[in-house]
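If you want the building blocks of each chain, they are given just below.
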Amino acid sequence: MTEPGLNNGQEAADLRVTQLNDEVERLIHLAAAAGSPVPDRTAQYLRACFKHGDAPLIPPEESGLPPHRVRGAACTDLLTGLRDRQAFDEDFNLTLAHSARTGEAVHLLLLDLDDLKAVNDTQGHEQGDRLLRLFARTLHQEFPVPASVYRLGGDEFLVLLTGDQFVWSELRVTVQNINGHLRASGFQQARASVGHAAFPVDAGAPNDLLRLADHRMLRDKMAHRAKRGLSLSRGPVQAEAGITAEMMWQALRATSSLMSSDVPGEDIWTPFLRAVIAAVPSAEAGTLFVREGDAQVLQAQVGYSDALLGLRNPDATLRAWHGDDQDWAAGKARVIRGRDIEKWSVAIHQHSGSAALVDTYREHGSLSDVRASLSAPVVADGRVTALINLESLSSDQAFEAHEMRLAEEFAAQAGAILAVHHRRAREHARTRELEVLADANFALRHIHRQDELERRLVGESRALLATEHVAVARYDAARDALSLVAGSGAYAELEHIAIPRGTGLTWHAIDGAEVQIVQDVLGDARIHQLTHARAGAMLVAPLLRADGGPIGALLALREEPRTFTELDGRLLRALASAGALAFEHLWAVQQEQRHTQEFRMLADLSSQLSHSEDPMQIARESLASCRSFLGADAAVFNLPDRQAVIWDGTWPAGSAELLTRFTQAEGADSLIKLVGEAAFLTGTAGDFTGAAAWLAAAGLRGLVIVPVWERGVNVGTVAMLWTHALAELPPAGVPLTMRVAELIGRALDREAHIADIAATREGAMLALGLSLELRDFETAGHTERVVALALRLGQAVGLDHAALEGLRQGAYLHDIGKLAVPDHILLKPGPLDPAEWAIMKSHAGIADTLSRRIPTLPDEARQVIRHHHERWDGAGYPDGLAGADIPLVARIFAVVDTYDALTNQRPYKPAWSASEALSEIQRKSGEMFDPRIVKVFCALARASGLPPEHRAGAHYPQKETP
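Residues numbered from 1 in each chain as written. Predicted model: local features only at pLDDT ≥ 70, side-chain atom pairs only at ≥ 80, totals over all residues. Heavy atoms only, no water.

Further remarks concern the pairing of strand β20 (residues 702-710). Burial runs high along β20: eight of the nine residues are buried. Pairing analysis gives nine bridges linking β20 to strand β21 (residues 713-722), with the strands arranged antiparallel. Directly across from W709, in β21, lies its bridge partner N714. Two successive antiparallel strands, β20 and β21, enclose a turn made up of two residues, where R711 displays a positive phi of approximately 55 degrees. (Buried < 20%, exposed > 50% of the residue type's maximum accessible area, 1.4 Å probe, protein only. Helix = DSSP H or I, 4+ residues; strand = E, 2+ residues; numbered from the N terminus. Pairing = 2+ DSSP bridges.)

Here's what the structure looks like:
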C-alpha cells in the first residue's frame, strides 16, 4: 500500500525539515510566553540550524545559546521528525512553571495507535513506519504552533496545549478527524485511542496529570475494543457463562483486600472499584460512594477526574438516583440507559437543591459520555452504607442480567466486609472510649482552675461522643440556678444563659441523679427551649458532689438524624463521675491553698505593724489587702472621735444611705453601739433583722463588722461589706477582719503610748530649760521662745522633719553645760577675766558630754548643743569651726539665740528693739553668722514678724552671751 503524499524519500525529508522549522518557531513562542524572549541573534541561529535539515550555518559558539540548549534544540525522533520524550520532559516542566505564574491551563492529549502491532505483523515494519509518519504529520497539521507534538516512543504520542479555550468535546472531534484521515489514507483499521487531562483542573501534580491522561487513554482503548466486540455477530451469552474464573478471581482478590484492612479508606476502595470494573465486562468507568453521617461521600473513581473525590451527596439524592426504594434497601442493582441518564441526574439533583453537583459531574464526570449506568447499593447492618456505580461509555445496551448479578455479588461482598468493619469499629470505639476515660480521669486531677477543668470536660466529651455541641451547666449557689459555660458548637452562642432551678431536662437529671437522653429536643416538654434552637438528640449527665449537692451537668447535642445510645449515656456518666471527683479534688486543693494564703495574709498583716507606726497607714494597707483577698466590695475603718474614716473599694450606685452610715460620725457611732461588747457581728442579707434591718434595706448583702479597741475602750469599727449577691460569707472573713481590727487597735495603743512618752520627754526638756533660765537669771520664756523661733527659721531654710526635730530638742538643751559653771562666774555682773572666760567657754564641751548620755537624742540636737557658739569667721568655740564646717542646725540656732538675747533684758544689758537687733545681726553677717541664714532670718522678720520688741538699749553688750 502506497501512502498518499509520502511516496519517496525526498518528501519524507521535506516533511522533517518542515516539522523542525515549526519546532523552532514553537520554541521561540514558548520562550516568549514564559517571559524570557529569545534574543534576535539566538533566534537567527535556531532558524539557521534547521533551514535545510543539516548542520547549522552559524557556529554554536556564536549563537548566544548555552551548549545544552543547542543540544536540546535537536531532540527529535528520527523516524517522524517530532520532538522526543526528553524534549517533552523539558518543555512540560517549563510549561507548568509558566502556568503556575499566569494561571493558564495546560492540556495533555495522550494518543496511542491501537493497530500498529497488527500492521507490523501483517504488512511488515516498513508499512508500520509509514503509518507512524502519516500519523505524526496529521497530528502536526491538526495541532499547529503554539501546540507541541511529541512521540514518546513506540505507538504513543503526546500533544501539549496551553490556554483556556480548549474544550474536550472539540478536541475529541479533532482526534476523530485524525482517525478519519488515517482511514482515508488506506489504513482502514487504524485508530488512535486518546486520553485527555488538564492542569490544574484534573490534577495538581505533573505525574498525576500524565497518569490521568494515560488512564483515560486506556479507558478509551477498552471502550473501543468492547464496541468492536459487540459489533461482531455473536449470540446471547448465558448469565452463568458470563461469570468467568478471572472475574471470580478479581472479586476474591478485591474482597481479600478489604478484609485485610481495619478501616477502609481511599487506598482500599480504589483497588476494589478497579477490580469490579475489570470483572464486569461492560464496565469502563465507575464511582464508589461510602456513607458518612447523613451523606454519601465519593471515595473512589476510575475513568474520571480526581476532582470528584470527596464530593458529598445527600443520602436521599442517591436513593432517588437509584430509583426504587425497596430495591435500594434490598441491595438490588438497576440500570439506566441512553439519554435518560443525564435527564434523570439533573432532575434529581435540582429537586434536592444540589444543582451545583450537576455542574461538577458535567465538568469532571463526563455525564454526556455515559451510555449506560449500573447502580448497586451496598447493604450492611440493615441499611445502605455504600453505593457502586458502573458506567459504559460505548454502548447503551451494556450490563446484561448476569453483569447486574455480578455487581450485586460484589456489593454483597462489600456489605459483609463493611459489617465486619463496623463491628470492629464499634469495638475499637469502645476501647478508645475507655482509654479516653482513663486519660481524662488522670488528666482532670492535674488541673488547677475551675474554668480550665470545665473546658477540658467539654473537650473530652466532644471526643467521646463525636459531637461538636457540648457545654457544662455550672451551678451558681448565689442565684440557685445553672449557667452554661465553656460551650462549643451550638452552645457557644448560649454562654452564661441562666437555667432556674426546676427548669428543663438538666435540672431533671440533677434532681434525679440520673443520665437523661432525649432523642427529639424539639418535641420534649422537659427541654429548656432557650438553650436549644435546632432539631436533634440531647444527652445530660449530672455532676454531683459526694454529699449529693449539685456541681452542675454535662450537656451534649447531636443534630438529626444522629441519636444517642445507652452506651453513650453510660460513657458520659462515667466521664461526669470523673469530672465530679476532679471538681472536689480541685476545691480541696484550693481550700488548702486558701488556708495557706490566710496564714500568709495574717503574717503579712502582722508585718505591716512592724513596718509602720502610723495607724492610718496600717489601716489603709490592711483594708486593701483584706478586702481584695475576701472579695468584698468595700472595706471601712471608722474612728468617730477623731472624725477619721478610711475606706477601700467601690460603693455601688444607690447605696447613698449605706455610704453615709459607714462614713459619717453619727452612723459610725450607731455601728459601735450595734456591735456593742460583742467580738463581731456578721451575716448575709437574710440575717439582718431588728436593729440591723437597715443594713439589708440599704442594699447590703454581706457584712463582717468588728470593734476596734484602744486602751480597753471601743473607739471605732472595721467592716467588710458585700453589695453583690452572696450565698455565704467567706470562711476567712471573720478571722481576717478581726486581725485587721486588732492591728489597728495595737497601732492606736502604740501611738498613744509614744505620744505619752513624747509628752513626758517634752515636759522634761522644757522643765530642764526653765531650770537653766532660773539659774542663769535668763528672761522668763527664753527656752520656749528660742525653740519656737528656731523651728520657724529651720522651716524657712528648708530642713526636713528629722533635722527640725533635732533642732527643736537641741534648742531645749542648748545650755545644759552651764550646770557645771560655778555661780560666781555664771552670775557675775561684770566682765570675766581670762581664767573665768576659759571656764565659761568649757560649758559647750561639757554639754556635749552630757547629751551623749541621752541615747534617744538625735545627732542634730547634739550639733546644736556643742556648736551654737561657733563663729562664721572661725573665732568661736569650742572647736573653732568656720563657714560651712559648722553644722547647719548650729548656724541657724546661733542667729536665733543671739536675737533673743539682744531683744531681752539681761543683768548686764537692757533689751534692744527688734530693728536694732536685726541691724546688729546683719552687721555681724559673714563675721559671726552665716550670711545665707541671716538673709533668710531678715526676710522671715519682714514677712511675718518676730517676737514683740522690748525696751531699747543704747549699747551692744560688752559681755558675750554664752
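Before going further, it helps to spend a moment on the pattern of salt bridges. By the definition in use, this model includes 31 salt bridges. We note a salt bridge from R455 to D451, for which the minimum N-O separation is 3.7 Å. Here D451 and R455 lie together in helix α17 (residues 450-465), a separation of four residues that amounts to about one turn. Owing to a relative accessible area of 47%, R455 belongs among the partly exposed residues under this scheme. Under the relative-accessibility criterion, D451 is labelled partly exposed at 25%. Each of D848, R852, R866 and D879 takes part in a single network of salt bridges with overlapping partners. (Salt bridge = Lys/Arg side-chain N within 4 Å of Asp/Glu carboxyl O.)

With respect to the helices and strands, the residue H814 is situated in the loop between α26 (801-812) and α27 (823-826). In terms of polar contacts, H814 uses its side chain to reach the backbone carbonyl oxygen of A811, at 2.7 Å. Sequence-distant contacts of H814, defined by excluding residues within four places in its chain, comprise H782, V786, V864, I865, H868, F893 and D897. (Polar contact = N/O pair within 3.5 Å; in protein donor to acceptor, adjacent residues only side chain to side chain. Contact = heavy atoms within 4.5 Å.)

Here we come to the pairing of strand β4 (residues 192-199). Taken across its eight residues, β4 has eight buried, putting it largely inside the fold. Residues A192, V194, H196 and A198 point to one face of β4 and S193, G195, A197 and F199 to the other, with burial holding for every one of them. Direction of pairing for strand β1 (residues 106-113) relative to β4: antiparallel, over a ladder of eight bridges. Its bridge partner lying in β4, L111 is registered against V194.

This part takes up the packing of aromatic side chains. One pass over the full model with this rule turns up nine aromatic pairs. Grouping aromatic residues by their ring pairs yields a cluster made of F88, F92 and Y150. Positioned above the aromatic ring of W321 is the side chain of R334, whose terminal nitrogen or guanidinium carbon lies 4.8 Å from the ring centre. (Phe/Tyr/Trp six-rings, centres within 6.5 Å; stacked < 30°, edge-to-face > 60°. Lys NZ or Arg CZ within 6 Å of the ring centre and 35° of its normal.)

What follows is about the sheet that holds strand β2 (residues 148-153). Sheet architecture is open: four strands sit in the order β2-β3-β1-β4, paired in antiparallel fashion. Each edge of the open sheet carries a strand with a single partner, namely β2 and β4. The average angle at which neighbouring strand axes cross in this sheet is 20 degrees, direction not considered. One ladder, built from five bridges, connects β2 with strand β3 (residues 156-162); its direction is antiparallel. Opposite Y150, over in β3, you have L158 as the bridge partner. (Axes fitted to C-alpha atoms, helices over the stretch in contact; angles between N-to-C directions.)

Okay, the environment of E805 next. Its location among the elements puts E805 in helix α26. Residue class for E805 comes out partly exposed when judged on its relative accessible area of 22%. Each C-alpha atom, one on E805 and one on E860, is 8.1 Å from the other, the two residues being 55 residues apart in sequence. Polar contacts involving the side chain of E805 include one to the side chain of R808, which spans 2.5 Å.

What follows deals with the sheet that holds strand β13 (residues 498-500). The six strands lie next to each other as β13-β12-β11-β16-β15-β14, forming an open sheet whose pairing is antiparallel. Edge positions in the open sheet fall to β13 and β14 (516-518), since each of these has one partner strand only. Strand-to-strand, the axes of this sheet are offset by a mean angle of 20 degrees, without reference to chain direction. Taken together, the six bridges between strand β11 (residues 469-476) and strand β16 (residues 550-559) define a ladder with antiparallel strand orientation. Along β16, the bridge assignment pairs H469 with L557. Across the sheet, helix α18 (residues 504-512) is in contact with β11, β12 (481-488), β13, β14, β15 (536-544) and β16; its angle to β15 comes to roughly 40 degrees.

Those residues of helix α5 (residues 116-123) lying buried are L116, V119 and N120. End-on, the buried residues of α5 take up no more than an arc of 95 degrees, which puts them together on one face. Counted as exposed and oriented over 90 degrees from the buried face of α5: K117, D121 and T122. Along its buried surface, α5 packs onto β1 and α6 (125-142). Of the residues one or two after α5, G124 is the one with positive phi, at around 100 degrees. (Arc of directions from axis to C-beta.)

Moving on, we get to the environment of G153. Note on placement: G153 falls in strand β2. Linking G153 and R85, residues 68 residues apart in sequence, is a C-alpha distance of 7.5 Å.

Time to look at the nonpolar core. The biggest cluster of nonpolar side chains holds 38 residues, and the ones touching the most others in it are L807, Y899, I921 and F937. Contributing elements (two or more residues each) for this core: α25 (782-797), α26, α30 (859-867), α31 (888-902), α32 (914-923) and α33 (931-944). A per-element tally of this core places α31 first, with seven residues. (Core = buried A, V, L, I, M, F, W, Y, C linked by side-chain atoms within 4.5 Å.)

This part takes up α33. Taking 1.5 Å per residue, 14 residues should reach 20 Å; α33 reaches 20 Å between its end C-alpha atoms and fits that length. On its buried face, α33 sits against α25, α31 and α32. Backbone nitrogen of R932 and a side-chain oxygen of the N-cap are separated by 3.0 Å at the start of α33; the cap is D930. (Expected span 1.5 Å × (residues − 1).)

In contact at an axis separation of 7 Å, α5 and α6 are set at 145 degrees when each is read in the N-to-C sense. Residue-level inspection shows L116, V119, N120 and Q123 of α5 in contact with α6, the latter providing H125, Q127, G128, L131 and L132.

Residue P878 is reached from Y877 by a cis peptide bond, and omega for that bond is 15 degrees. Within the element layout of this structure, P878 appears in the loop between α30 and α31. Phi at D480 takes a positive value of approximately 55 degrees, unusual for a residue other than glycine. The topology assignment puts D480 in the loop between β11 and β12.

Purely spatial values, then, with no claim about function.
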